[in-house]
Amino acid sequence: MVNNGLNLEERLEGLVQQAPDRWRLDACGVTRSARPIPTLVHGDAYVPNTHRTRVLLVGGLSGSIEDVNRSLDAIESYVEGGDALAKEVALSAVPCGNPDGLALGISRSNGAGGNPATGYPPPDNGYYGDPHNPESRYLWRWISFNAPDVVLEVRDGIAVRWEYSGPVSRIGTSLNAYPLAEEGSLLNALAEGKPNNLAPVPGLLLTCPADALKPELGKLWAKLSQESALGSSPARLVLDARRGRSPLDVARLLGAVYGHKLNPVIYTQGVSLSGRLRLKELDPEGEDPVPDLVHMVRGYSSCTLEQVFGESKDGSHLAGMVWADELTAATGEKRYAEQLVEIAELYRPSEIGNVPPPSDHDYRPEDMFYGGAILGRATEITGDQTYTDIQVRFLLDAGTQQDNGLFWHDRVTPHFWGRGNGFAALGYAETLAYMPRNHVERGSIRRAHQRHLEALQKFQSPSGGWLEVVDFPGSYPELTVTCMVGYAMARGMRVGWLDDSFKLSLAWAWQFVNERVDDEGGLVDVCTGTGVQAGLREYFDRPAIFGLDDRGGGMALWFACEMERYLRELD
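Keep in mind it's a predicted model, so treat the numbers as computed, not measured.

Caption draft 1: View of the overall build of the protein. From N to C terminus, the protein includes 24 helices and 12 strands. Considering only C-alpha atoms, the protein reaches an extent of 80 × 50 × 40 Å along its principal axes. For the protein, buried positions account for 61% of its 571 residues. With an accessible surface of roughly 21,000 Å², the protein has 49% of that area assigned to carbon and sulfur atoms.

Dropping the structure here:
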């Protein structure tokens, strides 16, 4: 480790303290040494209707202290522009895209065999666990979904030189800028094609010595302060269009893609079948999925549980029947509901106090959802409260909710995995949805659920999503945890076990998900199937799926339907 005299975190914290209403200190990625890539996120960075020009400053990709200092000088230049500049320009910043290189004093390298300054666009694989150059993956995805109007990169150099990429030629001309010709650069790659399946983001590159930086940036600030000097970036326009979709619009889109197969019976597909039935209730003039679903499940409905599940009688497969009661309601055919009750019988422990047999003995949060999806429905179908009692006992005995309100991945794994906390939120929501109102433990379950969601509010990222590791800034914003938590908040406020203090968090969560569903049902950053991992590194490195995914599609469909219901009842 090199002592370069620069404490980057202290400098950024000082800037936030000077203007706490302007910036939030966050991170946009995690290096191989588990060091967050720090960011200053402007309060308008993700607000869709801001009039301000959104500028993202990027620097320090080389890891050199000189480049990082130019970035910090650029932020100070913005601050010195005062209220007049702040009124027109919203500046966010990634002042050091290579914090490992900075810490090690090895410019152009990150100490893991990578160079975050080049190699863009990065390959499609390795999100986000590339062993050599994870910084490039994090920066690539984060910048696109931040969708600034322009990316400004600053570098230290012996002479002043402006360069531009993409549709900013008018501003480039006023700065005497040259077209950027650097092969493999971040700015050139962002300005071409459809980065991250969105659209380009233009860029400006300023290379100059320290004494010239503020005068040169003064020219740019003056230009950007002029009304309509720079319109919204193409990437921002794509996200604006997605934000304009209603939850019903998104549910229709997702219902056309997901919920059309059930092989094997597993929750990652079963949730989507349920989602299509919920969509039909909200959209009676739309496609009727019932004939398709009846045809799809007819082989299962005429079989024994042994024939349906074989050796796969774990919770993830059993919860694949989560649609059964809804299909009975839609068709009048009791066999579906009866089969769900047969599944619920598998949860009866042999002795009081034992873990229900399909559940993991270390009380994973996944089982909070799997059990909640089956046992409450069984009580509603049969009127037998003992099914709910089994689920309630499991939740109360787990002991995995910590003092900060979040859930460990199990009793012996002290990490706050994102989807694990999503499973817990969804499991409690499902339990409360079917729990008799006079149940002796209803208050205990509700309080634990509310404490969990209150804790999650504190860890919601500026973009509106929750992270792969909830309490570790820089781990990637993950889609399924955001869908699950958003669903729990929407359901809770709609039926009255949560108050309106969750309203803003819910709005941000919906915006996050809406932005990450494309017009073909493709999704952004769904954590792959994940058992308990050995440590934080393994959670950081869990692959993030970009594209079609049954698990993410089902959870997004449930969230979209619940959000539509919530908004209708709000009106």
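The structure having been displayed, the exposition proceeds.
Caption draft 2: Broad picture of the side chain of Ser301. Locating Ser301 in the fold gives a position in helix α12 (residues 290-301). With relative accessibility at 13%, the residue Ser301 sits in the buried group. A polar side-chain atom of Ser301 sits 3.1 Å from the main-chain carbonyl oxygen of Arg298. Ignoring anything within four residues of it in the chain, the contact list for Ser301 reads Arg335, Tyr336 and Gln339.

Caption draft 3: Region of the structure containing empty space enclosed by the protein. Under the defined criterion, the tally for this structure stands at 3 cavities of 30 Å³ or more. In this structure, the largest cavity spans a volume of roughly 240 Å³. Forming the boundary of the largest cavity are 23 residues, of which Trp142, Ser463, Tyr476, Pro477 and Arg516 lie nearest the centre. For the lining of the largest cavity, the secondary structure elements donating two or more residues are β1 (23-30), α5 (134-146) and β11 (523-527). A total of 5 residues in the lining of the largest cavity trace back to one element, the largest contributor, which is α5. Split by residue class, the lining of the largest cavity holds 13 nonpolar, 6 polar and 4 charged. Reported here for the second largest cavity is a volume of approximately 60 Å³. Looking at the second largest cavity, the residues that line it are Gly59, Gly60, Leu61, Ser62, Asp67, Arg108, Ala117, Glu153, Val154 and Arg155.

Caption draft 4: Geometry of the pattern of salt bridges. The full count for this structure, using the stated rule, is 41 salt bridges. Across the salt bridge formed by Asp240 and Arg243, the nearest N and O atoms sit 2.4 Å from each other. Note that Asp240 and Arg243 are positioned in helix α9 (residues 234-243) at a spacing of 3 residues, about one turn of the helix. You can call Asp240 partly exposed: its relative accessible area is 24%. When salt bridges with common partners are traced through the structure, they connect Glu281, Arg491, Arg494, Glu562, Arg565 and Glu569 into a single cluster.

Caption draft 5: Here's a closer look at the side chain of Arg242. Relative to the helices and strands, Arg242 is located in helix α9. Buried within the structure, Arg242 lacks any salt-bridge partner; Asp518 is the closest side chain of opposite charge, at an N-O distance of 5.1 Å.

Caption draft 6: Main features of unusual backbone geometry. A cis amide bond, omega 0°, links Tyr127 with the succeeding residue Tyr128. Note that Tyr128 resides in the loop between α4 (99-104) and α5. Across the junction of Asn263 and Pro264, the peptide omega takes the value 5°, indicating a cis bond. As for its position among the elements, Pro264 is in the loop between α10 (247-255) and α11 (267-282). Although it is not a glycine, Asn197 adopts a positive phi angle of roughly 60°. Of the residues examined, Asn197 reaches a relative accessible area of 31% and is grouped as partly exposed. At Asp525, a position not held by glycine, the phi torsion is positive, near 60°.

Caption draft 7: Inspection of the pairing of strand β3 (residues 53-59) at higher detail. Of all 7 residues making up β3, 7 are buried, and the element is well covered by its neighbours. Burial along β3 is two-sided: Thr53, Val55, Leu57 and Gly59 and Arg54, Leu56 and Val58, pointing in opposite directions, are all buried. Pairing analysis gives 6 bridges linking β3 to strand β4 (residues 89-94), with the strands arranged parallel. By the bridge assignment, Thr53 is partnered in β4 with Val89. Bridging between β3 and strand β5 (residues 150-156) involves 5 bridges; their strand directions are parallel.

Caption draft 8: Examining the environment of Pro99 more closely. Within the secondary structure layout, Pro99 lies in helix α4. Distance in space between the C-alpha atoms of Pro99 and Phe502 is 35 Å, their sequence separation being 403 residues.

Caption draft 9: Highlighting the nonpolar core. Counting residues in hydrophobic clusters, the biggest one holds 139 residues, and the most contacted among them are Ile143, Tyr267, Trp323, Phe369, Leu453, Val513 and Phe559. Residue contributions to this core peak at 10 residues, all from helix α21 (residues 479-495). Of all hydrophobic cores here, the second largest spans 40 residues; its members include Leu40, Leu57, Tyr78 and Trp221.

Caption draft 10: How the structure looks around the packing of α12 against helix α16 (residues 335-345). Where α12 contacts α16, the axes come no closer than 11 Å and their chain directions differ by 50°. With respect to α16, the element α12 is oriented oblique. For the pair α12 and α16, the sense of crossing is left-handed. In contact with Val294, Val297, Tyr300 and Ser301 of α12, α16 contributes Arg335, Tyr336 and Gln339. Classifying every residue of the contact of α12 with α16 gives 4 nonpolar, 2 polar and 1 charged.

Caption draft 11: Looking closely at the packing of α21 against helix α24 (residues 550-570). Running from amino to carboxyl end, α21 crosses α24 at an angle of 25°, the nearest separation of the two axes being 8 Å. Regarding the angle of α21 to α24, the classification is roughly parallel. α24 is crossed by α21, and the crossing has left-handed handedness. Packed against α21, whose contacting residues are Leu479, Thr480, Thr482, Cys483, Met484, Gly486, Tyr487, Ala490, Arg491, Met493 and Arg494, the element α24 presents Arg551, Gly552, Met555, Ala556, Trp558, Phe559, Glu562, Arg565, Tyr566 and Glu569 at the interface. Of the residues contributing to the contact of α21 with α24, the split by class is 11 nonpolar, 4 polar and 6 charged.

Cut-offs and rules
- Residues numbered from 1 in each chain as written.
- Predicted model: local features only at pLDDT ≥ 70, side-chain atom pairs only at ≥ 80, totals over all residues.
- Heavy atoms only, no water.
- Helix = DSSP H or I, 4+ residues; strand = E, 2+ residues; numbered from the N terminus.
- Buried < 20%, exposed > 50% of the residue type's maximum accessible area, 1.4 Å probe, protein only.
- Areas by Shrake-Rupley, 256 points an atom, 1.4 Å probe, with all protein chains shown as cover.
- Polar contact = N/O pair within 3.5 Å; in protein donor to acceptor, adjacent residues only side chain to side chain.
- Contact = heavy atoms within 4.5 Å.
- 1 Å grid on protein atoms, 1.4 Å probe; cavity = no way out; pocket = protein on both sides within 12 Å on 5 of 7 lines; lining within 4 Å.
- Points joined across faces, edges and corners; volume = space filled by probe spheres on them.
- Nonpolar A, V, L, I, M, F, W, Y, C, P; charged D, E, K, R; others polar.
- Salt bridge = Lys/Arg side-chain N within 4 Å of Asp/Glu carboxyl O.
- Lys, Arg positive; Asp, Glu negative; His and termini not counted.
- Pairing = 2+ DSSP bridges.
- Core = buried A, V, L, I, M, F, W, Y, C linked by side-chain atoms within 4.5 Å.
- Axes fitted to C-alpha atoms, helices over the stretch in contact; angles between N-to-C directions.
- Parallel < 35°, antiparallel > 145°, perpendicular 65-115°, else oblique.
- Left-handed = near helix turned anticlockwise from the far one by under 90°.

Bear in mind that shape data such as this cannot, by itself, settle questions of function.
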